[in-house]
Amino acid sequence: MASIATSIQFSIQRSKFSSTSTFLCRAPANLVAFKSRSVAPRASGLEFSPESGVSPAPVGLSGNGLKSPGWSQLLRQRGSVDFPATKAAAADADGLEIDISHGTSKPAKSFTERFPWLVTGFFFFTWYFLNVIFNILNKKVYNYFPYPYFVSVVHLLVGVVYCVISWGVGLPKRAPIDGELLAVLTPVAFCHALGHVMSNVSFAAVAVSFTHTIKALEPFFNAAASQFVLGHQIPLPLWLSLAPVVIGVSMASLTELSFNWLGFGSAMISNIAFTYRSIYSKKAMTGMDSTNVYAYISIIALLFCLPPAVLIEGPKLMQYGFTDAIAKVGLYKFLSDLFWIGMFYHLYNQVATNTLERVAPLTHAVGNVLKRVFVIGFSIVVFGNRISTQTGIGTLIAIAGVAIYSLIKANIEEQKR
């Protein structure tokens, strides 16, 4: 017995369980596994040098120390050996995180995973930037080429070409479409086309800031459609929050210097069209990703926009529309302006979709309101539009009402979730 104890003591003191040696044992299932590139293959048990033909039983390793039948008393005399395992994560030389608690390795967190708020902020900035640039370039084109139906076709055409090229290179991979899905997306695309064309008619007829002020009424039409078309009960606070929107738009419209009924009416039709687009979109929930859905909607909307552009503006364009525009700015600038407004239109819509998918409803609501504030503010500064005091106050009241409505609606959605 003395020789066995001496052998055990010698083995423990010699190894001290250093990082360069391997503690070989048959570990229970609930024990912690240490993984490292320098660890030798596991053995089946803790080997002791047998003396006098004695072959001891395998030793189990646990958080309480070494235990072996018949030797527990002897080991307690020498002091129990504990191996506390701390749940932690470390990084090896290749940048892999070693999850010690589970004995697995995983890649180190990327920049986007460590700073998600920075990435989301970049998305918002890109969305606003593209939207502002689009509105400015779009209005500048209308100053020398006032043909909103044809310009609407250009917006969608450039976006469709962009989508086809993206599909061609596999970014993203084109999702298949069948007759059933086509029937579901067609009403959405029609409302999208109508709303888009009417928005451009308004942009061409009045100031950009005034069009966006009128389009601030879109939440009112959404609430009305939800209540009376879909049969959804709208809470009273949500209705009350729309009062300042209606009052503010009315104040701004009465004293807007660029006011005309064509610009006002087309903006209102755009609100109605986009409201019904939202209704049909709820029925068009598919497993397809948003990028492919928007691409298909753009293709179908382009087909809807072509006939009115040809019938309403085609004769004028062929007689003097193109020649007058080229005479004013030159062929290269005319073509490049048309290309870039189409590209910015598609990119800002695509980035807006990607941005709003990353955030909660409350952030979504605030983002939409701030976007409209940015566009109105920049358009006034860039084009030097003169607005009356009452128009400015009315615009601010309308935007504040939209903000209140969006916040209340976002809170209701969060409570439902």
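In the nomenclature of an unreviewed UniProt entry, the protein is known as Sugar phosphate transporter domain-containing protein of Escallonia herrerae. Recorded in UniProt under Subcellular location (unreviewed entry), the annotation for the protein is "Membrane".

1. Digging into the overall build of the protein
The helix and strand tally for the protein stands at 15 helices and five strands. Residues counted as buried form 40% of the 417 residues belonging to the protein. In the protein, the share of contacts with a sequence separation of at least 24, taken over all contacts with a separation of at least 6, comes to 79%. If you sum the accessible surface of the protein, you get close to 23,200 Å²; carbon and sulfur atoms cover 65% of it.

2. Thoughts on the packing of helix α4 (residues 116-144) against helix α5 (residues 148-169)
α5 packs onto α4 with a crossing angle of 140 degrees between their chain directions and a minimal axis gap of 11 Å. Taken together, the axis directions place α4 and α5 in an arrangement best described as oblique. Our pair here, α4 against α5, has a crossing hand that is right-handed. Residues Phe134, Asn138 and Tyr142 of α4 form the contact with α5, whose own contacting residues are Pro148, Val151 and His155.

3. Overview of a nonpolar patch on the surface
Side chains of Val366, Leu370, Phe374, Phe378, Val381, Val382 and Leu407 sit close together on the surface and give an oily, nonpolar patch of about 570 Å² of accessible area. Take the nonpolar patch: its biggest share by element is six residues, from helix α14 (residues 361-383). Position of Val382 among the secondary structure elements: in helix α14. What makes Val382 partly exposed here is its relative accessible area of 39%.

4. Some points on the packing of helix α10 (residues 243-255) against helix α15 (residues 389-416)
Contact geometry for α10 and α15: axes closest at 7 Å, N-to-C directions at 160 degrees. Comparing their axes, α15 and α10 come out roughly antiparallel. Between α10 and α15 lies a crossing whose hand is left-handed. Contacts between α10 and α15 pair Pro244, Val245, Gly248, Val249, Met251, Ala252, Leu254 and Thr255 from the former with Gln390, Thr391, Ile393, Gly394, Thr395, Ile397, Ala398, Gly401 and Val402 from the latter.

5. Focus: the packing of aromatic side chains
Overall, the coordinates contain 25 aromatic pairs when judged by the stated rule. With a centroid separation of 5.9 Å and 45 degrees between ring planes, the pair formed by Phe124 and Trp127 is classed as tilted. Of this pair, Phe124 and Trp127 both sit in helix α4, three residues apart, which is roughly one turn of that helix. Judged on exposure class, the residue Phe124 and its partner Trp127 are both buried. Taking 5.3 Å as the distance between ring centres and 75 degrees as the angle between the ring planes, the aromatic pair formed by Phe190 and Phe304 counts as edge-to-face. With a gap of 114 residues between them, Phe190 in helix α6 (residues 179-205) and Phe304 in helix α12 (residues 290-329) connect regions that are remote in the sequence. Phe190 sits in the partly exposed class, given a relative accessible area of 41%. A connected cluster of aromatic rings, assembled from ring pairs, spans Phe124, Trp127, Tyr128, Phe374 and Phe378.

6. Looking at the environment of Val153
Mapped onto the elements of the fold, Val153 is located in helix α5. Excluding residues within four positions of it along the chain, Val153 makes contact with Leu302, Cys305, Leu306 and Ala309.

7. Observations concerning the nonpolar core
Residues Trp127 and Leu185 are the most contacted members of the largest nonpolar core, which totals 37 residues. Mapped onto this core, the elements with two or more residues apiece are α4, α5, α6, α12 and α13 (331-356). In terms of residues, this core owes the most to one element, α12, which gives ten residues. Apart from the residues lying within four places of it in its own chain, the contact partners of Trp127 are Tyr348, Val351, Ala352, Thr355, Leu356, Gly367, Asn368 and Lys371. Counting 19 residues, the second-largest nonpolar core is a separate cluster that includes Tyr142, Val151, Phe203 and Leu317.

8. A closer look at the pattern of salt bridges
Tallied over the full model, the rule gives one salt bridge. The salt bridge involving Lys333 is made with Asp337; its shortest N-O contact spans 3.4 Å. In this pair, Lys333 and Asp337 both sit in helix α13, four residues apart, roughly one turn of the helix. For Lys333, a relative accessible area of 41% translates into the label partly exposed.

9. Observations concerning the UniProt feature "transmembrane region" (unreviewed entry) in the protein
UniProt records the feature "transmembrane region" (unreviewed entry) at residues 115-137, 149-169, 181-198, 236-255, 261-280, 292-311 and 393-412, using the numbering of this structure. What you have in residues 292-311 is 100% helix and 0% strand, and the ends, taken at the C-alpha atoms, are 30 Å apart.

10. A look at the side chain of Ser406
By the element assignment, Ser406 lies in helix α15. Judged by relative accessible area, which is 12%, Ser406 ranks as buried. For Ser406, the side chain forms a polar contact with the main-chain oxygen of Val402, separated by 2.8 Å.

11. Re unusual backbone geometry
Here the bond from Leu171 into Pro172 is cis, since omega is 0 degrees, no more than 30 degrees from zero. Locating Pro172 in the fold gives a position in the loop between α5 and α6.

12. Digging into the environment of Ser379
Checked against the element boundaries, Ser379 lands in helix α14. Put simply, Ser379 and Ile136 are 243 residues apart on the chain and 6.6 Å apart in space, counted from C-alpha to C-alpha. Leaving out residues up to four positions away in the same chain, Ser379 has contacts with Val208, Ser209, Gly384 and Asn385. Side-chain polar atoms of Ser379 contact the backbone oxygen of Ile376, separated by 2.8 Å.

What counts, and at which threshold
Residues numbered from 1 in each chain as written. Predicted model: local features only at pLDDT ≥ 70, side-chain atom pairs only at ≥ 80, totals over all residues. Heavy atoms only, no water. UniProt positions renumbered as here; feature names shortened; annotations may be inferred. Helix = DSSP H or I, 4+ residues; strand = E, 2+ residues; numbered from the N terminus. Buried < 20%, exposed > 50% of the residue type's maximum accessible area, 1.4 Å probe, protein only. Contact = heavy atoms within 4.5 Å. Areas by Shrake-Rupley, 256 points an atom, 1.4 Å probe, with all protein chains shown as cover. Axes fitted to C-alpha atoms, helices over the stretch in contact; angles between N-to-C directions. Parallel < 35°, antiparallel > 145°, perpendicular 65-115°, else oblique. Left-handed = near helix turned anticlockwise from the far one by under 90°. Patch = residues over 30% accessible without salt bridge, like charges linked within 9 Å, V, L, I, M, F, W, Y side chains within 5 Å. Salt bridge = Lys/Arg side-chain N within 4 Å of Asp/Glu carboxyl O. Phe/Tyr/Trp six-rings, centres within 6.5 Å; stacked < 30°, edge-to-face > 60°. Core = buried A, V, L, I, M, F, W, Y, C linked by side-chain atoms within 4.5 Å. Polar contact = N/O pair within 3.5 Å; in protein donor to acceptor, adjacent residues only side chain to side chain.

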